[in-house]
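Observations on chain architecture
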Amino acid sequence: MLTFLQIWGGAAYLLNKICFSLAERSLDARTNRFWRIWSWTVFLAGLPAWVAVFAVERNWIATAVESGGAPAMTVGLIVTLRGHGSEPRWLDLLAKYAVVFGLAASFYDFGGINTLNQWFELAIAAGFLVGTYLLAKDRPQGYFWYILGNVACSALMFNQGYQILMLQQAASLIFVIDAYRMRRRKMARNQ
């Protein structure tokens, strides 16, 4: 079952990064929008698998962050479909409360932050939430935060023996970096 979850979650999240890269490489708004819709949709589709893997390993911070990431992903999809300013405020608040809940659960379970994996989870939390939030608001700095999250998640998955997810996170870096480079190029051309 864990192998299936790794393939499901890993494929969806890798496809998410590929779609972001394709969106940034697109030359017109319609194609960009198409790839962004796909990106947010496959992101949401892979979420249950990641939550399950994190929960099995008692990665409570990452579990809560991933669960709380659903509202941020939904904001990204809503902004892509309807435009900026159309996202419900309660989705932002729900994502923030999930982080607090995850930290509290992890502190309770482990008696504080005292394992290497918890530090990786904190980096995942920062990278995932800030990155998703910034990209949902169409800000390219979100890609830098994704890099942090990808590296930390790859290290956590390596530590816990999830080779498929570790490799998926490493491969995702290529597409995250490409998406950022393409966005910066577009911004430079438009100035």
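Below or above, wherever it landed, is the structure these notes cover. All values reported here derive from a predicted model rather than from experimental measurement.

Our focus in this paragraph is the packing of helix α1 (residues 2–25) against helix α2 (residues 29–56). The packing of two helices is summarised by the inter-axis angle and the distance between the axes. Between α1 and α2, whose axes approach to 7 Å, the crossing angle comes to 155 degrees. With respect to each other, α1 and α2 are oriented roughly antiparallel. α1 and α2 meet at a crossing whose hand is left-handed. Residue composition of the contact of α1 with α2, grouped by class: 23 nonpolar, six polar and three charged.

Per the counting criterion, the structure on display carries 11 aromatic pairs. Centre to centre, the rings of F43 and Y146 are 6.3 Å apart; their planes meet at 85 degrees, and the pair counts as edge-to-face. Linking F43 in helix α2 with Y146 in helix α6 (residues 142–159), this pair joins segments that are 103 residues apart in sequence. Assigned by exposure class, F43 and Y146 land together as buried. Members of the aromatic cluster, each reached through a chain of ring pairs, are Y13, F20, W40, F43, W50, F54, Y143 and Y146. When the ring centre of Y146 is taken as reference, the NZ or CZ atom of K17 above it lies at 4.9 Å.

A few words on the pattern of salt bridges. According to the stated counting rule, one finds four salt bridges in the structure shown. A salt bridge links E24 to R36; its shortest N-O distance comes to 2.5 Å. Residue E24 is located in helix α1, and its partner R36 is located in helix α2; the two are separated by 12 residues in the primary sequence. We note that E24, like R36, is buried. Here E24 ties to R183 by a salt bridge, and the two come within 2.8 Å at their closest N and O atoms. Highlighted residues: E24 in helix α1 and R183 in helix α7 (residues 163–190), separated in sequence by 159 residues. R183 shares its class with E24; the two are buried.

Conventions used here
- Residues numbered from 1 in each chain as written.
- Predicted model: local features only at pLDDT ≥ 70, side-chain atom pairs only at ≥ 80, totals over all residues.
- Heavy atoms only, no water.
- Axes fitted to C-alpha atoms, helices over the stretch in contact; angles between N-to-C directions.
- Helix = DSSP H or I, 4+ residues; strand = E, 2+ residues; numbered from the N terminus.
- Parallel < 35°, antiparallel > 145°, perpendicular 65-115°, else oblique.
- Left-handed = near helix turned anticlockwise from the far one by under 90°.
- Nonpolar A, V, L, I, M, F, W, Y, C, P; charged D, E, K, R; others polar.
- Phe/Tyr/Trp six-rings, centres within 6.5 Å; stacked < 30°, edge-to-face > 60°.
- Buried < 20%, exposed > 50% of the residue type's maximum accessible area, 1.4 Å probe, protein only.
- Lys NZ or Arg CZ within 6 Å of the ring centre and 35° of its normal.
- Salt bridge = Lys/Arg side-chain N within 4 Å of Asp/Glu carboxyl O.

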